[in-house]
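Structural characterization, general
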Number of protein chains: 2
Amino acid sequence: MTLSRPTHREVLWQTEDAFERGDMITLFGRCTVEYDGRAASTLGLGNRLVILKPDGAALVHTDEKRTPVNWQPPGSEHHAAVRDGQFRIRSERTTPAETLDVRFEAVHQFSALSVTGGRDLDLQGSEEDLRQHILDDPELVESGFLPLATERETSAGPIDIYGEDDEGVAVAVELKRRRVGPSAAGQLQRYVAALREEFGDGATVRGILVAPSVTDRAAALLDQHGLEFVALDPTTGRPPEKSEE
Amino acid sequence: MTLSRPTHREVLWQTEDAFERGDMITLFGRCTVEYDGRAASTLGLGNRLVILKPDGAALVHTDEKRTPVNWQPPGSEHHAAVRDGQFRIRSERTTPAETLDVRFEAVHQFSALSVTGGRDLDLQGSEEDLRQHILDDPELVESGFLPLATERETSAGPIDIYGEDDEGVAVAVELKRRRVGPSAAGQLQRYVAALREEFGDGATVRGILVAPSVTDRAAALLDQHGLEFVALDPTTGRPPEKSEE
DNA sequence: ACTTACATTTCGCAC
DNA sequence: GTGCGAAGTGTAAGT
């Protein structure tokens, strides 16, 4: 259902009907946007595409970027009204308290869309896949590596794969699906430190970062703390080609 | 410009015209989606909203979530074609090499939208704002704090605010606009360790994390490393109310 | 509701 | 182009 150059009243009726039906709404028109919540923002007049989803999500898109210029996450409540010659959408949520106000000077187009069909994506190449590759063939990490647990808890957080090397020394393995920087090195360092603390009096714990590649600075940080790096690609589960490193 | 229940041919012509004009395109219809690049995914048949932006961004939205189910970032190249009774969009980019394929069994609606007007958001409450509050009034961190530099480089990365306390001891201040977890504590720890390394032989360096609040685990990590915490709200630049902590 | 970490994160900025 | 960290990050899983 689409309206071209509708009156504000028409948009209001159709919006309420669409909410009722659980349709997704798209509005294109000249509007301002105000947001207040975790931060606060204002956006001056311009033509934008506004999307209202039946799950409570709201998106305001300009002609640039993948990220909406303003939005409201799912679970928000949308309300529509006509006031002061404007068609207005107010979207509110709690925890945290946030409001999004879109005020249309003119709505160029209104659509109510019945969105049906699958929304479950079949995705490959995640960190989870990389973990499965390693559990299927622990030698990928190193000869004699024995995985003992996944998501093994420490005081600093959960270790992706916890195990032992061929000499029975504890090993913390941290997985990343893409090239890693300093933060991943720091993360592994936290886990290894937590294990050493847990085991007490100078226990030996090794830390291995598994990822397609590392930046220089991350490599230096790993080095500083005696941590190791193993190059593996998340999709193939094999060492990446040199061109991919 | 909008077409309802157009033929694939009509959509193709209008799509090419819209690309030419630099319009934003919205398509609603029954389609499958395939993605291959940093990861890979497939999405079965269903009604979705597809948005093609003139900057090369592509978005595929279902009726749920704020995040598109599939997408392509700005800078991609969109191509349209009719083949095997389908209207197809292929969006490609390089570095990294990624392709997005949307195949429409039926296009229920096509729109070409001329998106004009401001897209610059005026946003308040960022980490940058918090920094300005502190530079305007360093006492917010602690009595006698003297900022000497922002983005001060270390071997582990840049320190948000570098300065000295009232006794001339070096202080690294890390800012966060929201409640912090273990990673922020680790980040500050990296910077402080880098400064100690840089200054050599047991030099004293203090680290202060400034944020609205901390999680328990993060507080424990700070404690472990002798790091400190100061509670400040990024918007007001003042200690947050108890209810906000 | 809160914590924790992943994400095809995206985005901006500096080198 | 790569590196690095912020973001109103969003999202899922566990507690």
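Remember, it's a predicted structure, so these values are computed and weren't measured experimentally.

Cut-offs used in this document
- Residues numbered from 1 in each chain as written.
- Chains lettered and ligands numbered in written order.
- Predicted model: local features only at pLDDT ≥ 70, side-chain atom pairs only at ≥ 80, totals over all residues.
- Heavy atoms only, no water.
- UniProt positions renumbered as here; feature names shortened; annotations may be inferred.
- Helix = DSSP H or I, 4+ residues; strand = E, 2+ residues; numbered from the N terminus.
- Contact = heavy atoms within 4.5 Å.
- Buried area = accessible area lost by both parts, 1.4 Å probe.
- Salt bridge = Lys/Arg side-chain N within 4 Å of Asp/Glu carboxyl O.
- Polar contact = N/O pair within 3.5 Å; in protein donor to acceptor, adjacent residues only side chain to side chain.
- Least-squares fit on C-alpha atoms with pLDDT ≥ 70 in both.
- Domains from an automatic or database assignment.
- Axes fitted to C-alpha atoms, helices over the stretch in contact; angles between N-to-C directions.
- Parallel < 35°, antiparallel > 145°, perpendicular 65-115°, else oblique.
- Left-handed = near helix turned anticlockwise from the far one by under 90°.
- Nonpolar A, V, L, I, M, F, W, Y, C, P; charged D, E, K, R; others polar.
- Buried < 20%, exposed > 50% of the residue type's maximum accessible area, 1.4 Å probe, protein only.
- Core = buried A, V, L, I, M, F, W, Y, C linked by side-chain atoms within 4.5 Å.

**Some details on the UniProt feature "domain: Endonuclease NucS N-terminal PH-like" (unreviewed entry) in chain A**
Sites flagged by UniProt as "domain: Endonuclease NucS N-terminal PH-like" (unreviewed entry) map to residues 26-114 of chain A. Secondary structure within residues 26-114 of chain A divides into 0% helix and 70% strand; the distance between the first and last C-alpha atoms comes to 11 Å.

**Here's the deal with the interface of chain B and chain A**
Taken together, the contact pairs 60 residues of chain B with 60 residues of chain A. Between chain B and chain A lies a buried interface of about 5,200 Å² when both sides are counted; carbon and sulfur atoms form 53% of it. Taken together, the links from chain B to chain A amount to 6 salt bridges. The residue A:Arg119 makes a salt bridge to B:Asp63 at a minimum N-O spacing of 2.9 Å. Along the contact surface separating chain B from chain A lie 32 residue pairs in polar contact (both at pLDDT 80 or more).

**As for the relation of the copies chain B and chain A**
Relative to chain A, chain B is turned by 180 degrees and slid 0.0 Å along the rotation axis, the superposed coordinates differing by an RMSD of 0.1 Å. Seen this way, the second copy is the image of the first under a two-fold rotation axis. Taking C-alpha positions as reference, the residue of chain B nearest the rotation axis is B:Gly186, located at 3.1 Å. When you check the interface residues of chain B against chain A, 100% turn up at the interface there too, and the contact is symmetric in its surfaces.

**Concerning the domain arrangement of chain A**
We note that the domain assignment places domain 1 (2-113) and domain 2 (127-244) within chain A. Each of domain 1 of chain A and domain 2 of chain A has a C-alpha centre, and these two points are 45 Å apart.

**Section: the packing of helix 3 (residues 182-199) of chain A against helix 4 (residues 216-224) of chain A**
All names here are of chain A. Where helix 3 contacts helix 4, the axes come no closer than 8 Å and their chain directions differ by 20 degrees. The pairing of helix 3 with helix 4 is recorded here as roughly parallel in orientation. At the point where helix 3 passes helix 4, the crossing takes the right-handed sense. Residues Pro182, Ala185 and Leu188 of helix 3 lie in contact with helix 4, whose contacting residues are Arg217, Ala218, Leu221 and Leu222. Taken together, the residues of the contact of helix 3 with helix 4 break down into 6 nonpolar, no polar and 1 charged.

**What to know about unusual backbone geometry**
Comment: phi is negative for the bulk of residues other than glycine, and the bulk of peptide bonds are trans. Cis peptide bonds are those with omega within 30 degrees of zero, and the linkage from A:Thr95 to A:Pro96 qualifies with -5 degrees. Unlike most non-glycine residues, A:Lys65 shows phi in positive territory, near 80 degrees. Note that A:Lys65 resides in the loop between strand 4 (58-61) and strand 5 (70-72). Of note, B:Asp84 is a non-glycine position whose phi angle comes to about 50 degrees, a positive value. With respect to the helices, strands and loops of the structure, B:Asp84 is situated in the loop between strand 6 (77-83) and strand 7 (86-93). For B:Asp84, a relative accessible area of 63% gives the class exposed.

**Observations concerning the nonpolar core**
One finds A:Leu188, A:Leu222, B:Leu188 and B:Leu222 to be the most contacted residues of the largest nonpolar core, which totals 42 residues. Sequence-distant contacts of B:Leu188, defined by excluding residues within four places in its chain, comprise B:Ala172, B:Glu174, B:Gly207, B:Ile208, B:Leu209, B:Leu222 and B:Leu227.

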